[in-house]
Amino acid sequence: MPEDIKVRQRAFEIIKTRSFGRGNIKLASGKTSTFYFDMKPTMLAPEGAHVLSELILARLAGQGIDYIGGLEMGAVPLISTVSLLSHIRNEPLPGFFVRKDVKKHGTRKLIEGLPVDDLRGKRVVILEDVTTSGASAMIAVSAAQAEGAEVVMVLSIVDRGEGAMALYKEKSIEFDSLFKAEEFLAS
Ligand SMILES: O=P(O)(O)OC[C@H]1O[C@H](OP(=O)(O)OP(=O)(O)O)[C@H](O)[C@@H]1O
Ligand SMILES: O=C(O)c1cc(=O)[nH]c(=O)[nH]1
């Protein structure tokens, strides 16, 4: 089996075991669902972090990306591990994250992890752990655009197929995911 297919298969197994669950649950959008992906146990497992980062770097290869970013909390572990792996491979891809709320103390930054004004003119990919409506990742898109970045893609680990694709089509931003929820629902 080719290496990239093996890595994807391993990521699928880890997500299925550590992150996929069934049962009634309320979503960020306020809707309810009968299944859920809690991606943190995958992103924070050593092998999970590694395989997801490999898949993301493979998806972004050769596209002249300057920065990866995303909304707290979901995107934060991903941004860190993708950035680390990019350094190990000598193709550094720095990261930033966008706060949901600015702190009332400290530097009061909305965007954390980079020097002021550093996003101007930069090609940015917004990462997300799970997309449902896509509205959460859109907060990070808007924050990066407000700083002058060109957001070239939103890349989700798992897309639930419940609106994100249509949202980003309307915004004329490329959208992709490593996995679809239906793959787990069918397995
Ligand atoms: O596409 P959407 O409809 O916006 O839903 C997906 C969002 O929901 C989850 O975040 P949550 O709000 O649960 O917070 P967390 O990342 O801080 O845990 C997930 O991490 C995404 O950010
Ligand atoms: O829509 C959401 O809030 C949501 C769905 C899901 O499967 N996982 C998650 O973390 N958030």
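Conventions adopted
- Residues numbered from 1 in each chain as written.
- Chains lettered and ligands numbered in written order.
- Predicted model: local features only at pLDDT ≥ 70, side-chain atom pairs only at ≥ 80, totals over all residues.
- Heavy atoms only, no water.
- UniProt positions renumbered as here; feature names shortened; annotations may be inferred.
- Near = heavy atom within 4 Å.
- Polar contact = N/O pair within 3.5 Å; in protein donor to acceptor, adjacent residues only side chain to side chain.
- Areas by Shrake-Rupley, 256 points an atom, 1.4 Å probe, with all protein chains shown as cover.
- 1 Å grid on protein atoms, 1.4 Å probe; cavity = no way out; pocket = protein on both sides within 12 Å on 5 of 7 lines; lining within 4 Å.
- Sits in = over half its atoms within 2 Å of the grid points.
- Pairing = 2+ DSSP bridges.
- Helix = DSSP H or I, 4+ residues; strand = E, 2+ residues; numbered from the N terminus.
- Right-handed = clockwise from strand over helix to strand, strands pointing away.
- Contact = heavy atoms within 4.5 Å.
- Axes fitted to C-alpha atoms, helices over the stretch in contact; angles between N-to-C directions.
- Core = buried A, V, L, I, M, F, W, Y, C linked by side-chain atoms within 4.5 Å.
- Buried < 20%, exposed > 50% of the residue type's maximum accessible area, 1.4 Å probe, protein only.

Per an unreviewed UniProt entry, the protein chain carries the name Orotate phosphoribosyltransferase and comes from Nitrobacter winogradskyi. Listed in UniProt under the heading Cofactor (unreviewed entry), the comment for the protein chain reads: "Mg(2+)". According to the UniProt record, the Catalytic activity (unreviewed entry) comment for the protein chain is "orotidine 5'-phosphate + diphosphate = orotate + 5-phospho-alpha-D-ribose 1-diphosphate".

1. Focus: the site of ligand 1
Lys40, Asp129, Ser133, Gly134 and Ser136 are the nearest of the 14 residues found near ligand 1. Between ligand 1 and glutamate 128, the relevant distance is 2.9 Å, taken from an oxygen atom to a side-chain nitrogen or oxygen of the residue. Here an oxygen atom of ligand 1 sits 2.5 Å away from a polar atom, N or O, in the side chain of serine 136. In the complex, 80% of the free accessible area of ligand 1, which totals 500 Å², lies under the protein chains. At a threshold of 2 Å from the grid points, most atoms of ligand 1 map onto the largest pocket.

2. Let's talk about the pairing of strand S4 (residues 95-98)
Of the pairings in the sheet, the one linking strand S3 (residues 67-71) to S4 comprises 4 bridges and is parallel in character. When the bridges of S4 are listed, glycine 69 appears paired with phenylalanine 96. In this fold, the crossover linking S3 to S4 by way of helix H4 (residues 76-88) has right-handed handedness. Bridge count for S4 against strand S5 (residues 111-112) is 2 bridges, and the pairing is antiparallel. Within S5, the position partnered with valine 98 by the bridge is isoleucine 111.

3. A word on the UniProt feature "domain: Phosphoribosyltransferase" (unreviewed entry) in the protein chain
Residues given the UniProt feature "domain: Phosphoribosyltransferase" (unreviewed entry) here are residues 49-170. Annotated as residues 49-170, this span is 36% helix and 25% strand, and its ends, taken at the C-alpha atoms, are 31 Å apart.

4. Details of the sheet that holds S4
The mixed open sheet is built from 6 strands, whose spatial order is S5-S4-S3-S6-S7-S8. Looking at which strands have only one partner, the edges of the open sheet turn out to be S5 and strand S8 (174-180). Most of the contacts of helix H3 (residues 46-60) go to strand S7 (residues 150-159), to which it runs at about 140°, and overall it touches S3, strand S6 (123-131), S7 and S8.

5. Considering the nonpolar core
Judged by nonpolar contacts, the single largest core of 36 residues is most densely connected at Phe37, Ile157 and Phe179. Those elements giving two or more residues to this core turn out to be helix H1 (3-18), strand S2 (32-37), H3, H4, S6, S7, S8 and helix H7 (181-185). Broken down by element, the residue count for this core peaks at 6 residues, all from H3. Not counting the four nearest positions on each side in its chain, isoleucine 157 is found in contact with Ile15, Met39, Leu52, Ile56, Leu78, Glu128, Asp129, Ser177, Leu178 and Phe179. Counting 23 residues, the second largest nonpolar core, distinct from the first, contains Val124, Ala143, Leu167 and Ile173.

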